Amino acid sequence: GENVEQHPSTLSVQEGDSAVIKCTYSDSASNYFPWYKQELGKRPQLIIDIRSNVGEKKDQRIAVTLNKTAKHFSLHITETQPEDSAVYFCAASRGYQKVTFGIGTKLQVIP
Amino acid sequence: DAGITQSPRHKVTETGTPVTLRCHQTENHRYMYWYRQDPGHGLRLIHYSYGVKDTDKGEVSDGYSVSRSKTEDFLLTLESATSSQTSVYFCAISPGTGYEQYFGPGTRLTVT
């Protein structure tokens, strides 16, 4: 089955700096790669996603890049703010089937 | 938030008892999923459904069963609860027009 590895497990950055979280996947047939943000005690919320036919996608301060050859994808957050502090999860799937999540990265933005 | 509710939101039960968690959606989405979330493991798929009466196993399905008799409801049953099933359980739905999933508020289950 699919295996998704995510690192780092914790990340501290100063407010205004950039944060990068990286994930690798094992199943070359995976074609959908979402990123979720989860605040303490709340549900995971989709923040950005990318399909295998796209190399990069941006939404304001958030971007995701995908390297299919190397089977890795990354989340980039620029100009970090205290409200970006949360746990971020990457995931990989073949469409609707059996989504596999990484173990999460706890991001702390220090004011 | 998408129209997803989970019930109960909190439950404490004893080892060996059956437990049923309910996920209800008002979005008429085709796909529904059950996950459990544990520290150090992220979110792990238990079962998912791709239509009424159509379900498939995820990576941690042992000890769990599901049923979907209506589009809007997806039930997760712990046949005989064990302490290892203490966890936070999330339901998610997906529209079928894209792959994105939307999560419910979660159920915190404690098995004593």
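Since the model is a prediction, treat every value here as computed from it, not as a measurement. (Residues numbered from 1 in each chain as written. Chains lettered and ligands numbered in written order. Predicted model: local features only at pLDDT ≥ 70, side-chain atom pairs only at ≥ 80, totals over all residues. Heavy atoms only, no water.)

Colleague: Can you walk me through the pairing of strand β11 (residues 105-110) of chain A in this structure?
Modeller: Residues and elements named next belong to chain A. Of the two faces of β11, the one lined by T105, L107 and V109 is fully buried and the one lined by K106, Q108 and I110 carries no buried residue. Pairing geometry for strand β2 (residues 10-14) and β11, over 5 bridges, is parallel. Bridging across to β11, T10 finds its partner in K106. The sheet contact formed by strand β9 (residues 86-94) and β11 spans 3 bridges and is antiparallel. Paired with Y88 across the two strands is T105, which belongs to β11. (Buried < 20%, exposed > 50% of the residue type's maximum accessible area, 1.4 Å probe, protein only. Helix = DSSP H or I, 4+ residues; strand = E, 2+ residues; numbered from the N terminus. Pairing = 2+ DSSP bridges.)

Colleague: For this particular structure, what's the right way to read the packing of aromatic side chains?
Modeller: Centre distance and the angle of the planes are the two values used to describe a pair of aromatic rings. Residues and elements named next belong to chain B. What the rule picks out here adds up to 15 aromatic pairs over all chains. Between Y33 and Y48, the aromatic rings sit 5.8 Å apart at their centres with planes inclined by 15°, giving stacked as the arrangement. Placement of Y33 in strand β4 (residues 31-38) and of Y48 in strand β5 (residues 42-51) is noted, with a sequence separation of 15 residues between them. There is no split in this pair, since Y33 and Y48 are both buried. (Phe/Tyr/Trp six-rings, centres within 6.5 Å; stacked < 30°, edge-to-face > 60°.)

Colleague: I would appreciate a short explanation of the state of the cysteines in the present structure.
Modeller: What makes a disulfide is a covalent bond joining the sulfur atoms belonging to two cysteines. Evaluation of the coordinates by the stated rule reveals 2 disulfides over all chains. In this model C23 of chain A forms its disulfide with C90 of chain A; the gap between the sulfur atoms is 1.9 Å. On the sign convention where negative means left-handed, the S-S torsion of about -100° between C23 of chain A and C90 of chain A marks this disulfide as left-handed. Here the residue C23 of chain A occupies a position in strand β3 (residues 19-25), and C90 of chain A occupies one in strand β9, the gap between them amounting to 67 residues. Each member of the pair, C23 of chain A together with C90 of chain A, is buried. Shown here is the disulfide that connects C23 of chain B with C91 of chain B, its sulfur atoms set 1.9 Å apart. Its S-S torsion of about -70° marks the bond between C23 of chain B and C91 of chain B as left-handed, since a negative value means left-handed. On the criterion of sequence distance, the pair formed by C23 of chain B in strand β3 (residues 19-25) and C91 of chain B in strand β9 (residues 87-94) is long-range, its members being 68 residues apart. Each member of the pair, C23 of chain B as well as C91 of chain B, carries the same accessibility label: buried. (Disulfide = S-S within 2.5 Å.)

Colleague: What is the right way to read unusual backbone geometry from this model?
Modeller: Trans peptide bonds make up the majority, and among non-glycine residues the majority have a negative phi. The peptide bond linking H7 of chain A to P8 of chain A adopts the cis configuration, its omega dihedral lying at 0°. Relative to the elements of secondary structure, P8 of chain A occurs in the loop between β1 (4-7) and β2. For the peptide bond that leads from S7 of chain B to P8 of chain B, omega is -10°, which places it in the cis range. As for its placement among the helices and strands, P8 of chain B is situated in the loop between β1 (4-7) and β2 (10-13). The phi angle at N28 of chain B is positive, at roughly 60°, despite the residue not being glycine. Within the secondary structure layout, N28 of chain B lies in the loop between β3 and β4. Judged by its relative accessible area of 62%, N28 of chain B is exposed. Phi at K53 of chain B takes a positive value of approximately 70°, unusual for a residue other than glycine. Position of K53 of chain B among the secondary structure elements: in the loop between β5 and β6 (54-57).

Treat this as a map of the structure, not an account of what it does.
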